[in-house]
Amino acid sequence: MLDFASMPKVELHLHLEGAIPLPALWELVERKGGSPGLSTPADLAQRFAYRDFAHFIETWVWKNQFLDNLPALEFAAEAVARHLADQQIVYAEAHFSPTDVGQYGLEPAGVALAIRRGLDRVEGTRVALIADLVRDTGPDRAARTLAQVAEVAVSAGIVGIGIGGSEAEYPPGPFAPVYRRGRELGFRLTAHAGEAAGPESVWGALRELDVDRVGHGVRSVEDPELVRYLVDRQVPLEVCPSSNLRTGIYAGWDQHPLPTLVAAGAMVTINTDDPAMFHTDLAGEYGHLVRDLGLAEDIVVDLAANAIDASWAGSEDKVQLHRALRRWRRSARA
């Protein structure tokens, strides 16, 4: 099998707070004086196993207590960027969720700038930011968060907005005015849809939010008309295979619809979502496509190229990213 670890990679659906390498997160736990039930780093790793999607969200909220100050966020961002560079992820668009740490008195602008300081300490990868407006807090809070991150968008390198969280409980429609304002402010748009909720969530993201990409989108396969729409318009899907298994969206690889989406001609990209919390990495995701989903290696590399095309990087940056991927492909086949 191709050495996907050495492949120059692009990732589009990565939550910074869920990507903190476990040794770095353990250091943050120790800075807080520990936590009940955690005696060793192995205990922390075992905490990241989930009964279902709701349990994952519960664990996500629990984790946020260790990100309750700006130095912690700065430290975490640097650790994430260093891990991305080590994996040959040369460009990433990472979600960050300022609302989730608002209870600690942290303002979205300060959160964004602290994260940028940490990211900029690392060479070998470039990380643009997507502000997760967190659907669980409602559209009014989302609008306030949008206004605050817009003030520092250029200096913090924020290129887009999204909504993560409890998709089934908070449909996209009420966020339409926030997304219109985001477009007016020059942000690109994505939204989690078709993960914990079905095709109606994807239709809502497309029709009511006018998104440029769909976060996850795998449950689109439940609606043939929706699949045709996605294929005809080549709407990028930010598919996160292991995440879908870890959160119980699908019970096993044999049930995952990614091969169906690829065969239909959908614009599929491969991502990790919350790699530290799901015990995965991007090279491992590509490996699963070959070993567990039966995709040919050349198709898998084509999906890596899709991520470049679907990214919000500049046109010249995309040229350079494609050039690096082609060089790798030639050398890997030599």
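Refer to the structure printed above.
1. Quick look at the overall build of the chain
Across its full length, the chain holds 16 helices and eight strands. Against the 2.2 N^0.38 benchmark of 20 Å for 334 residues, the chain shows a C-alpha radius of gyration of 19 Å, consistent with a compact globule. Oriented by its inertia axes, the alpha-carbon framework of the chain measures out at about 50 × 45 × 40 Å. Within the chain, counting contacts between residues at least 6 apart in sequence, those at least 24 apart form 75% of the total.

2. Side note on the pattern of salt bridges
Under the counting rule described, the total for this entry stands at 18 salt bridges. Between R31 and E27 there is a salt bridge, with the nearest N and O atoms lying 3.2 Å from each other. Within this pair, R31 and its partner E27 are both found in helix 1 (residues 22-31), separated by four residues, close to a single helical turn. E27 sits in the partly exposed class, given a relative accessible area of 35%. Between E238 and R213 there is a salt bridge; the shortest N-O distance is 2.7 Å. Here R213 lies in strand 6 (residues 213-216) and E238 lies in strand 7 (residues 237-239), a separation of 25 residues in the sequence. Overall, the relative accessible area of 0% leaves E238 in the buried class. Put simply, E74, E78, R82, R117 and R121 are held in one network by salt bridges that share partners.

3. Considering the pairing of strand 6
The pairing of strand 5 (residues 188-193) with strand 6 spans four bridges and is parallel. Residue pairing across strands places A191 opposite V214, the latter belonging to strand 6. Where the polypeptide runs from strand 5 across helix 9 (residues 199-207) and back to strand 6, its parallel neighbour, the crossover connection is right-handed. Sheet analysis places strand 6 next to strand 7, joined by two bridges and oriented parallel. Looking across to strand 7, one finds that G215 is bridged to E238. Each parallel crossover has a hand, and for strand 6 linked through helix 10 (residues 224-233) to strand 7 it is right-handed.

Rules used in this analysis
Residues numbered from 1 in each chain as written. Predicted model: local features only at pLDDT ≥ 70, side-chain atom pairs only at ≥ 80, totals over all residues. Heavy atoms only, no water. Helix = DSSP H or I, 4+ residues; strand = E, 2+ residues; numbered from the N terminus. Rg over C-alpha atoms; globule rule 2.2 N^0.38 Å. Contact = heavy atoms within 4.5 Å. Salt bridge = Lys/Arg side-chain N within 4 Å of Asp/Glu carboxyl O. Buried < 20%, exposed > 50% of the residue type's maximum accessible area, 1.4 Å probe, protein only. Pairing = 2+ DSSP bridges. Right-handed = clockwise from strand over helix to strand, strands pointing away.

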